[in-house]
Amino acid sequence: PQGCVLEVRGTSFQIQVWRALLRQPRARTYGELAAELGRPSAARAVGGAVGANDLAWVIPCHHVLRRGTLLGGYRWGLDRKRAMLTYEHASRLLAAG
């Protein structure tokens, strides 16, 4: 089957962050994601990259949480972030049977 091709533009660091989110779309904190990228002190920069993502559903930046698993901010609002996470969780439960 044919896939969809999207052109994503960002800085080198932003693209690193987005690729990491695509490789393992799971919940983690800004600090954990920064550490995964080998930049443990770059949590704020990760937050900037997350906020710069224009493809909210495609690149799962809604999976990034504040320390202590708080939802934190979200470019499109916390209600949308909460709804996206709830939808994904419900989908997994339904798929598990």
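Let us look at the structure shown here.

**Observations regarding the overall build of the protein**
- The helix and strand inventory of the protein stands at 4 helices and 2 strands.
- For the protein, the N- to C-terminal ordering of α and β elements is α-β-α-α-β-α.
- With the C-alpha coordinates of the protein rotated into their principal frame, the extents come out at 40 × 40 × 25 Å.
- Split into buried and exposed, the 97 residues of the protein put 31% on the buried side.
- Relative to all contacts within the protein whose residues are 6 or more apart in sequence, the contacts with residues 24 or more apart total 48%.

**A closer look at the environment of Arg26**
- Assignment of secondary structure puts Arg26 in the loop between helix H1 (12-23) and strand S1 (28-29).
- Each C-alpha atom of the pair Arg26 and Pro60 lies 8.4 Å from the other, and the pair is 34 residues apart in sequence.
- The contact partners of Arg26, leaving out residues within four places of it in the chain, are Glu36 and His63.

**Re helix H3 (residues 43-51)**
- All of the buried residues in H3 are Val46, Ala49 and Val50. The buried residues of H3 occupy one face: seen down the axis, they fall within an arc of 100°.
- Each element contacted by the buried residues of H3 is listed here: H1, helix H2 (30-36) and strand S2 (64-65).

**Focus: H1**
- With 12 residues, H1 should reach 16 Å at 1.5 Å per residue; the first-to-last C-alpha distance of 16 Å fits that figure.
- Among the residues of H1, Phe13, Gln14, Val17, Trp18, Ala20 and Leu21 are the ones counted as buried. Down the axis of H1, the buried set is contained in an arc of 155°. They therefore lie on one face. The exposed set on the far side of H1, more than 90 degrees from its buried face, consists of Ser12, Arg19 and Arg23.
- Those residues of H1 that are buried are in contact with S1, H2, H3 and S2.

**Some remarks on the pattern of salt bridges**
- Enumeration over the complete set of coordinates arrives at 5 salt bridges.
- The shortest N-O distance in the salt bridge between Arg9 and Glu7 comes to 2.5 Å.
- Exposure remark for Arg9: the relative accessible area of 69% places this residue in the exposed category.
- Close ionic contact of Arg28 with Glu36 constitutes a salt bridge, the shortest N to O distance being 2.5 Å.
- Note on Arg28: relative accessible area 2%, which makes it buried.

The rules behind the values
Counting restarts for each chain, with residues numbered from 1 along the sequence as it is written. Per-residue local features are limited, in this predicted model, to residues with pLDDT of at least 70; the limit for side-chain atom pairs, both in listing and counting, is 80 or more; totals at the level of whole chains, interfaces and linings are taken over all residues. As a rule here, side-chain values cover all heavy atoms of the structure and leave hydrogens and water aside. Here a helix means four or more residues in a row that DSSP labels H or I, a strand means two or more in a row labelled E, and each is numbered from the N terminus. Buried, partly exposed and exposed residues are distinguished by accessible area as a fraction of the type maximum, computed with a 1.4 Å probe on protein chains only: under 20%, between the cut-offs, and over 50%, respectively. Note on contacts: a residue pair is in contact if any heavy atoms of the two residues lie within 4.5 Å. Summarising the geometry, the arc corresponds to the directions from the helix axis toward the C-beta atoms. By this rule the span expected of a helix is its residue count minus one, scaled by 1.5 Å. Every case where a carboxyl oxygen of Asp or Glu lies within 4 Å of a side-chain nitrogen of Lys or Arg is listed as a salt bridge.

Read these as geometric descriptors, not functional statements.
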